[in-house]
Amino acid sequence: MTYPILHIRKGKEQSLMRRHPWVFSGAIESSTESLKDGDLVCLMTRKDQFLGIGHYQHATISVRILSFDYEEIDQAFFDRKIKKAVDSRLNIGLLSKQNTIFRVCHGEGDELPGLVIDFYNGVAVIQCHSIGMYFSVEMIANALKNAFGKKLTAIYSKSTDTLPKRTDVTDAYLFGSCETPHVALENGVKYNIDWITGQKTGFFIDQRVNRRILGEYSKGKKVLNTFCYSGGFSLQALNHGATLVHSLDSSKKAIALTDDNISLNNYTEKHLSICADAMDYMKDLKEDYDIIVLDPPAFAKHREKRHQAIQGYKRLNAHAIRQIKPGGIIFTFSCSQVIDKALFTNTIIAAAIESGRNVRILEQIHQPADHPIHAFHPEGEYLKGLIIQVD
Ligand code: SAH
């Protein structure tokens with residue numbers, strides 16, 4: 001192996017020895033001037049003890065570790081890693097007659113930092129969060145073909161949204177092609193997926209299990225689904241017998257996606273879309289709802305924004321708690337990584353106190369099995385939710 005060697009400052013090697021996959025710029029002792037974004041590097045202690053191999057990038061997180069073993073990062077490496085990720089999804093039945101949407105690879109959770117791959121009924125969509133992963137995309141595509149075999153009909157690479165702008169990054173099919181929108185199934189419900197024009201890879205897969213749980217609560221109920229994007233929660237509620245669902249989003253495009261998905265499943269008569277700002281709309285609800293879903297985008301993308309974000313979550317939840325029907329249920333979420341479970345729960349408790357109503361936590365919910373949290377990378381935990389009942 002001929003990867004350039006980077007020495008780690010004394011005292012900064014501890015997290016690597018605990019197999020945490022990130023190296024911050026301040027931990028590197030060697031000069032990095034000659035390195036290019038995406039280069040593979042070999043990390044060593046000052047005493048030349050091997051630590052790991054990873055992708056270099058001129059950024060706060062300078063190296064993302066691919067392997068803590070002294071090994072070549074080649075096609076065989078990606079074959080092994082991707083097959084392990086694919087098998088772990090297939091083994092728990094995520095590809096079935098009822099479900100053809102799941103995440104194949106969840107970055108650090110699958111020991112492939114910087115790499116996200118989602119599967120939509122035969123089509124894999126690759127999204128890279130590091131230049132190094134992007135430069136490996138051909139090997140990743142080959143590995144996907146090897147692991148999925150005939151189950152895979154196309155591979156689309158979409159990284160222009162997630163990488164710094166550069167001329168050598170483009171979005172394209174790497175294998176086959178597929179017309180969009182493409183219909184795929186989640187929990188027995190049909191969804192139109194468009195990875196080319198949609199947010200992220202086209203769908204928020206991380207709410208699959210929570211949508212199914214919402215279904216269990218929805219029979220005979222009137223539901224408000226705020227921050228609905230493509231109507232994921234709305235359709236699960238309707239599919240489980242909700243009498244009426246209102247879906248709200250501030251984006252016209254999201255509302256159009258929701259309407260298309262509602263028609264695709266023939267639920268137009270029981271559904272109404274509302275294009276509005278959720279914070280404004282929640283101040284004064286026009287209906288009595290049995291169930292309200294609050295699934296906002298991350299209010300805090302950075303630690304500095306945490307305080308402001310907490311105020312936002314508190315206000316939003318207080319509006320819902322104050323106005324929901326007696327006995328009503330609220331599904332409330334935060335996908336801000338910097339707000340942990342305890343802080344989120346305390347924020348909801350503060351909202352309950354402010355609203356002056358009696359609130360009980362029925363269930364604590366989170367990200368599903370295809371979005372695993374690696375034990376040595378606790379930062380991978382980001383999605384948390386509470387199901388609360390208001391007396
Ligand atoms: N619950 C969705 C995912 C939510 S993503 C699902 O299950 O797929 C967050 C959504 O919030 C986006 O669609 C975005 O358009 C919308 N959004 C962002 N700010 C908003 C606001 N102030 N009011 C209403 N919707 C908003």
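Definitions and limits used
Residues numbered from 1 in each chain as written. Predicted model: local features only at pLDDT ≥ 70, side-chain atom pairs only at ≥ 80, totals over all residues. Heavy atoms only, no water. Core = buried A, V, L, I, M, F, W, Y, C linked by side-chain atoms within 4.5 Å. Buried < 20%, exposed > 50% of the residue type's maximum accessible area, 1.4 Å probe, protein only. Helix = DSSP H or I, 4+ residues; strand = E, 2+ residues; numbered from the N terminus. Domains from an automatic or database assignment. Contact = heavy atoms within 4.5 Å. Near = heavy atom within 4 Å. Polar contact = N/O pair within 3.5 Å; in protein donor to acceptor, adjacent residues only side chain to side chain. Areas by Shrake-Rupley, 256 points an atom, 1.4 Å probe, with all protein chains shown as cover. Nonpolar A, V, L, I, M, F, W, Y, C, P; charged D, E, K, R; others polar. Lys, Arg positive; Asp, Glu negative; His and termini not counted. Salt bridge = Lys/Arg side-chain N within 4 Å of Asp/Glu carboxyl O. Disulfide = S-S within 2.5 Å. Phe/Tyr/Trp six-rings, centres within 6.5 Å; stacked < 30°, edge-to-face > 60°.

This next bit is on the nonpolar core. Core analysis: the biggest nonpolar cluster contains 35 residues, and Ile82, Leu115, Ile117, Ile126, Ile140 and Leu144 have the highest contact counts within it. Sorting elements by how many residues they give to this core places helix H4 (residues 137–148) first, with 6 residues. Looking at which domains feed residues into this core, each of domain 1 (5–67) and domain 2 (75–187) gives three or more. For Ile126, the residues in contact, after removing those within four places along its chain, are Leu115, Val116, Ile117, Val137, Ile140, Leu144, Ile155, Tyr156, Ser157, Lys158, Ser159 and Leu174.

Close to the ligand lie 16 residues, the nearest being Arg211, Asp249, Asp277, Ala278 and Asp295. The backbone of Phe227 places a nitrogen or oxygen atom 3.0 Å from a nitrogen atom of the ligand. Here a nitrogen atom of the ligand and a side-chain polar atom of Asp277 are 2.8 Å apart. When isolated, the ligand has an accessible area of 590 Å², and the protein chains bury 86% of it. When grouped by side-chain class, the residues that make up the shell around the ligand number 9 nonpolar, 3 polar and 4 charged.

Turning our attention to the side chain of Asp206. Note on placement: Asp206 falls in the loop between strand S12 (189–193) and helix H5 (208–217). Buried and unpaired, Asp206 has no salt bridge, with Arg211 as the nearest side chain of opposite charge at 5.6 Å. At a separation of 2.7 Å, a polar atom in the side chain of Asp206 contacts the side chain of Tyr382. Here Asp206 is in contact with Gln367, Pro368, His371, Tyr382 and Leu383, once residues within four sequence places are set aside.

In this section: the state of the cysteines. Summed over the entire model, instances satisfying the criterion amount to 0 disulfides. Note on Cys105: no disulfide assigned, nearest cysteine sulfur contributed by Cys128 at a separation of 9.6 Å. A residue is classified by how much of its surface remains accessible, and Cys105, at 0% relative accessible area, is buried. Considering cysteine sulfurs only, Cys128 is the nearest to Cys178, which forms no disulfide, with 20 Å between them.

Split into domains, the chain comes out as domain 1 (5–67), domain 2 (75–187) and domain 3 (206–390). Using only C-alpha atoms to locate each centre, domain 1 and domain 3 end up separated by 39 Å.

In this section: the packing of aromatic side chains. Note on aromatic pairs: each is described by the distance of the centres and the angle between the planes. Going through the model one piece at a time under the given rule, you end up with 14 aromatic pairs. With a centroid separation of 6.2 Å and 15° between ring planes, the pair formed by Tyr120 and Trp195 is classed as stacked. Of this pair, Tyr120 sits in strand S7 (residues 115–120) while Trp195 sits in the loop between S12 and H5, and the two are 75 residues apart along the sequence. Residue Tyr120 is classed as buried on the basis of its relative accessible area of 0%. Each ring, one from Phe233 and one from Phe333, has its centre 5.6 Å from the other, and the planes form 35°; the classification is tilted. One end of the pair, Phe233, is in helix H6 (residues 232–239); the other, Phe333, is in strand S17 (residues 329–334), and 100 residues separate them in sequence. The residues Phe233 and Phe333 share a single accessibility class, namely buried.

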